[in-house]
Structure formats: structure tokens, C-alpha cells
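Structural characterization, general
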Amino acid sequence: MRNDVAVDTAVPFRQMAALFALGSCALLNVYATQPILPDIARRFGVSIGTSTWTISTSTLGVAVAAPLAGAISDRFGRKRVMVTALVGLILSTASCALAWNFAALLSQRFAQGLLVPFIFTAALAYIAEEWSGRTATTMNGVYVAGTAFGGFCGRFLAGTAASFTGWLSTFVVFAVLLVPVLALTVCCLPTERQFKASASLGNSLRNVAKGVRDWRLLATCFVGASLLFQQVTSFTYLSLRLAAPPFGLSSIEVGALFVVFLLPVTVTPFFGRLIGTIGRTQAFLLSQIAGIAGIALTLSAYLPAIIVGLALSCMAVFAGQSGATGYTARHARNGRSAATGLYLTCYYLGGSIGAVAPAPLYARHGWLGCAVLICLVALASTALACVAWKENGTNA
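Within each chain, residues carry numbers counting from 1 in the order of the written sequence. Since the coordinates come from a predicted model, pLDDT governs what is reported: local features require at least 70, and pairs of side-chain atoms require 80 or more to be given and counted, while whole-chain, interface and lining totals use all residues. Hydrogens and waters are ignored; side-chain quantities use all the structure's heavy atoms.

Some words on the packing of aromatic side chains
How two aromatic rings sit relative to each other is given by the distance of their centres and the angle of their planes. Classification of ring pairs uses Phe, Tyr and Trp, with its six-membered ring standing for Trp, and accepts pairs whose centres are within 6.5 Å; under 30 degrees between planes counts as stacked, over 60 as edge-to-face, and the remaining range as tilted. Applying the stated rule across the entire model yields 8 aromatic pairs. Aromatic pair phenylalanine 44 and phenylalanine 102: ring centres 5.9 Å apart, planes at 55°, arrangement tilted. You can see phenylalanine 44 sitting in helix H2 (residues 37–44) and its partner phenylalanine 102 sitting in helix H6 (residues 102–130), a full 58 residues away along the chain. Among the residues examined, phenylalanine 44 registers a relative accessible area of 16% and is labelled buried. Between tyrosine 343 and tyrosine 347 the ring centres are 5.9 Å apart and the planes differ by 15°, which places this aromatic pair in the stacked class. Remark: tyrosine 347 and tyrosine 343 occur in helix H15 (residues 336–356); sequence separation between them is 4 residues, near one turn of the helix. The classification of residues rests on relative accessible area computed with a 1.4 Å probe and restricted to protein chains. Under 20% of the type maximum is buried, over 50% is exposed, and intermediate values are partly exposed. Overall, tyrosine 343 belongs to the buried group, its relative accessible area being 0%. A network of ring pairs unites the aromatic residues Phe284, Tyr327 and Trp389 as a single cluster. The numbering of helices and of strands both runs from the N terminus, where a helix is a DSSP run of H or I of at least 4 residues and a strand a run of E of at least 2.

Some remarks on helix H12 (residues 262–278)
An α-helical segment advances 3.6 residues per turn. Residues three or four places apart therefore align on the same side. Between the first and last residue of a helix there are one fewer steps than residues, each counted as 1.5 Å, and that sum is the expected span. For H12, which comprises 17 residues, the first-to-last C-alpha distance of 25 Å matches the rise-based estimate of 24 Å (1.5 Å per residue) to within 8%. Buried within H12 are the following residues: Pro264, Val265, Thr268, Pro269, Phe271, Gly272 and Ile275. Immediately downstream of H12, the backbone of glycine 279 shows phi near 100°, a positive value.

Observations concerning a nonpolar patch on the surface
A patch is a set of surface residues, each over 30% in relative accessible area and not in a salt bridge, joined within 9 Å for like charges and within 5 Å for the nonpolar side chains Val, Leu, Ile, Met, Phe, Trp and Tyr. The Shrake-Rupley method, run with a 1.4 Å probe, gives the accessible areas here. Residue values count only the displayed protein chains as cover. A pair is scored as a salt bridge if a Lys or Arg side-chain nitrogen falls within 4 Å of a carboxyl oxygen belonging to Asp or Glu. Where nonpolar side chains cluster on the molecular surface, the patch consists of Trp53, Leu60, Val64, Phe110 and Leu349 and spans about 410 Å² of accessible area. If one sorts the elements of the nonpolar patch by residue count, helix H4 (residues 53–76) sits on top with 3 residues. Relative to the helices and strands, tryptophan 53 is located in helix H4. The class for tryptophan 53 is partly exposed, based on a relative accessible area of 38%.

Considering helix H1 (residues 13–28)
When the terminal C-alpha atoms of H1 are compared, their 22 Å separation across 16 residues agrees well with the 22 Å that a helix rising 1.5 Å per residue should span. Gln15, Ala18, Leu19, Ala21, Leu22, Gly23, Ser24, Cys25, Ala26, Leu27 and Leu28 are the residues of H1 that are buried.

What about the environment of phenylalanine 174?
Looking at where phenylalanine 174 falls in the secondary structure, it is placed in helix H8 (residues 169–188). Here the alpha-carbon distance between phenylalanine 174 and alanine 32, two residues 142 residues apart in the chain, equals 9.3 Å. Setting aside anything within four residues of it in sequence, one finds phenylalanine 174 in contact with Leu28, Asn29, Ala32, Thr93, Cys153, Gly154, Leu157 and Ala158. Contacts: residue pairs with any heavy atoms within 4.5 Å of one another.

Some points on the environment of leucine 373
In this fold, leucine 373 is placed in helix H16 (residues 359–388). On a C-alpha basis, the gap between leucine 373 and glutamine 230 in space is 8.6 Å, while along the polypeptide they are 143 residues apart. For leucine 373, the residues in contact, after removing those within four places along its chain, are Phe229, Pro358 and Leu361.

A few points about the packing of H1 against H8
All axes here are fitted lines through C-alpha atoms, helices being fitted over the stretch that makes contact, and every angle between N-to-C directions spans 0 to 180 degrees. Orientation of H1 relative to H8, taken along the N-to-C sense of each, is 145°, at an axis distance of 9 Å. H1 and H8 meet at a crossing whose hand is left-handed. Across the interface between the two elements, Arg14, Gln15, Ala17, Ala18, Ala21, Leu22, Cys25 and Leu28 of H1 pack against Phe174, Leu177, Leu178, Val181, Leu184, Thr185 and Cys188 of H8. Gly is put with the polar residues, along with every residue not named as nonpolar or charged; the nonpolar set is Ala, Val, Leu, Ile, Met, Phe, Trp, Tyr, Cys and Pro, and the charged set is Asp, Glu, Lys and Arg. Here the contact of H1 with H8 is built from residues that sort into 12 nonpolar, 2 polar and 1 charged. Handedness of each helix crossing follows the sense of rotation of the near helix against the far helix: counterclockwise by less than a right angle gives left-handed, clockwise gives right-handed.

Details of the pattern of salt bridges
With the rule as written, the count across this model stands at 1 salt bridge. Between glutamate 129 and arginine 78 there is a salt bridge whose closest N-O contact spans 2.4 Å. Of this pair, glutamate 129 sits in helix H6 while arginine 78 sits in helix H5 (residues 78–96), and the two are 51 residues apart along the sequence. Pair check on accessibility: glutamate 129 and arginine 78 agree, each one buried.

Here we look at the side chain of threonine 93
If you trace the backbone, threonine 93 turns up in helix H5. Judged by relative accessible area, which is 0%, threonine 93 ranks as buried. By the criterion applied in these results, polar contacts are pairs of N or O atoms within 3.5 Å in which, for protein atoms, one can donate a hydrogen and the other can accept it, and in which residues neighboring in sequence qualify only through two side-chain atoms. Here the side chain of threonine 93 touches glutamine 112 through a polar contact of 3.0 Å, side chain to side chain.

Focus: the side chain of serine 313
If you trace the backbone, serine 313 turns up in helix H14 (residues 303–331). The contact partners of serine 313, leaving out residues within four places of it in the chain, are Ser234, Gly291, Gly294 and Ile295.

Observations regarding the nonpolar core
We define the nonpolar core as a collection of buried residues of types Ala, Val, Leu, Ile, Met, Phe, Trp, Tyr and Cys that are connected through side-chain atoms lying within 4.5 Å of one another. The biggest cluster of nonpolar side chains holds 104 residues, and the ones touching the most others in it are Leu22, Tyr31, Trp131, Tyr143, Tyr348 and Trp389. Here this core gets 13 residues from one element, more than from any other, and that element is H6.

Some remarks on unusual backbone geometry
With an omega of 10°, the peptide bond running from proline 245 to proline 246 counts as cis. Tracing the chain through its elements places proline 246 in the loop between helix H10 (215–243) and helix H11 (251–257).

Some remarks on the packing of H5 against H6
In contact at an axis separation of 9 Å, H5 and H6 are set at 160° when each is read in the N-to-C sense. Here H6 runs roughly antiparallel to H5, going by the angle between their axes. The element H5 and its partner H6 pack so that their crossing is left-handed. Broken down by class, the residue content of the contact of H5 with H6 amounts to 16 nonpolar, 6 polar and 3 charged. Roughly parallel covers angles under 35 degrees, roughly antiparallel covers those over 145, roughly perpendicular covers 65 to 115, and oblique covers all other angles.

Below, the structure written as C-alpha cells:
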């Protein structure tokens, strides 16, 4: 029987590598079209604003499937669900390269999004069940760091492929990259030992309904939505700003800016340790202060300052994500995967809104309007986290 006392145990490197790779595949595909929106708009004869739907359809797919993904994971097991979803994601990613019109591309992007939560929810529940205490917090940080790495690879490789071989080749490259992730998952992650299957799929779905009635979990879901809203808004519309005069960056140059995603790869695991030292709420507050400062820097007319600001904002989002996902898994002791699925739905709905809703604001007020909106959302989510993550007078 598992002991939930806060302990710190050594984890084999191969397991850490597998979880890192699983995290990377979550964001490898979802936001891959951000640096190539102008290319997509030209190819299919649509506006830049319309091309952002290639982001929103994938995030909407995640949001739609997340509750069901959590319920299925709670019923049938973590590793089995992750492996099956990875196979489907490889096939759907490769299919994007065969899109014959804009509607076909959107449908394939939606299919990609449908499969992502089966990996995300099962992985987070796997971590919460197989490890405890600070080890679980550290492994959660490793997984979230993987999502940061995937976010970088997706955007950077998309911009590079578009510049050299055309944007459609992006999806072929990503499908190939997912194959070693599948191999690591199959060979390096042991079958779950602490997993207890729910009595039925219906019972798993009822766990989702319980989460809807848990105000602390709902508040955390809003925090997650605000985090992805901030990230998608900043990278989507700042990319458009930098592609336009006076900067006039090319697709590959815009894609190269996403190297800032490598910073959370190294920082996020340490943020997990910071949570264990000063508490989740205080650590989250510090991360959001850094994020707001970063957004303020992006208002500069100098590219180096903008890059520094983007890096700060990016690190703040992933640090906050580590805190929010860790709280979700810890708070929902029963039906963890279902609760994570509910969180993921809200998280990606925030990303979907962040991709398209600020478009009129950007058209009227430019990047300044988007920056103000991001800061307001960050302040609101920070206030909510400070209230919701206090349980019995202590930080959860």
C-alpha cells in the first residue's frame, strides 16, 4: 500500500526521459502553425485572422475530448491509454500534410487536438499515483518542462520547414518525431502499480460531474485557462507584430524567437522545488509578477528587450502551469484523471479564446491592447489562486 508521506526517492533517468518526451508531444503539434500563419493564409486564400483557426481548432479538440479522456483513463489505465493515443496522434499528424483545402486542414487539426488530452490527463494522473511527496512534485515539473520543450520544437521546426521545404512538410517532420516518444513510453515507463480502475466508465464520468461542483477545482481550471490565454495571445499576436514593419521578420526568424521555450525546460523543474519550499500560492504569485514584467518589456521598440520580455512571460506561464496541474492532481484524490480532464478542457478553452478573441483588439489598438488584456487576466487569475489554494489556512 502506498504511503503518501512527503518523501524524496530516486527516479531512473529513463522514466524521467519518457515523461519529458510525453510532455513535449502535448505541445509539439497544437501550436505548430503559429509561426506559419501568413504562409497558410496565402496558400488557402484566407485572412490572417481566419488562419488563426488552425490554432483554435486543435485547442478546441483538446477541450472537447479532455473530460472523456480523463474518464477513459480512470477506467482502462494510464499507460494503455497513452500508447493508443500516441499511435493515433502520429497518424493524424501525418494526415495534415495531405490537406487539400482549408476545411480539410482544420478537420485534421481538430483530430490532433482530440487525441492530445488522452496523453496529458493520463500522464499527470500517472505521476500523482506512482510517486508521492516532493518526488511527485519534481516529476510533475519534469513533465511540464517537456511541454515547454515541445512548444519550442513545434514552433521553431514549423518556421524552419516552411522556409526550406514548404509548410506542409512540417507535419511530416512532427509525425516522425512522435515515433521515438512512442518507443520511450512503451519501453521506459513501467505499467502503473498504484492505479485502481474505476468501477465503470459511467462512474468515471460521474467523477467529472463531481469536479464541476468543487469550487476550488473550478477556480484552478480558470487559472489554467488564463495561463494558456496569456501564452497563446502573446505568441500569436506578438508574432504578427514582429512579422510586420518595422521589424519585418521572416517565418524562420519568427520561429527562432520561440527558443525562449527552452528556458522553462530548465527552470520549471526547479520551480517544483520552490513550491515545496515556500508554498504553492507564494510561488505562483512570484511567477505571475515575473510574467507581467515580461509583458511590459514586450512593449519596447527594441527587439532584444522584446525577446527578454517574451522569455519572462513564457517562464511564468509554465511555472504557473506546474503549480496549477500539481494542485489539481493533489486536490482530487479520487478520480484524478477525470479532474485533470476537466482542468485540461478549461486550459485549452483559454488557449482557443486567446487565439481568436484578441484579433479585433489587435486590429484596433495593436500589440498594446493585447498586452494590457494579458496583464489584466494575469492579475485576475493570481487573485483567484490566492483564495482557492488556501485549505484549512495553509497552502495546498
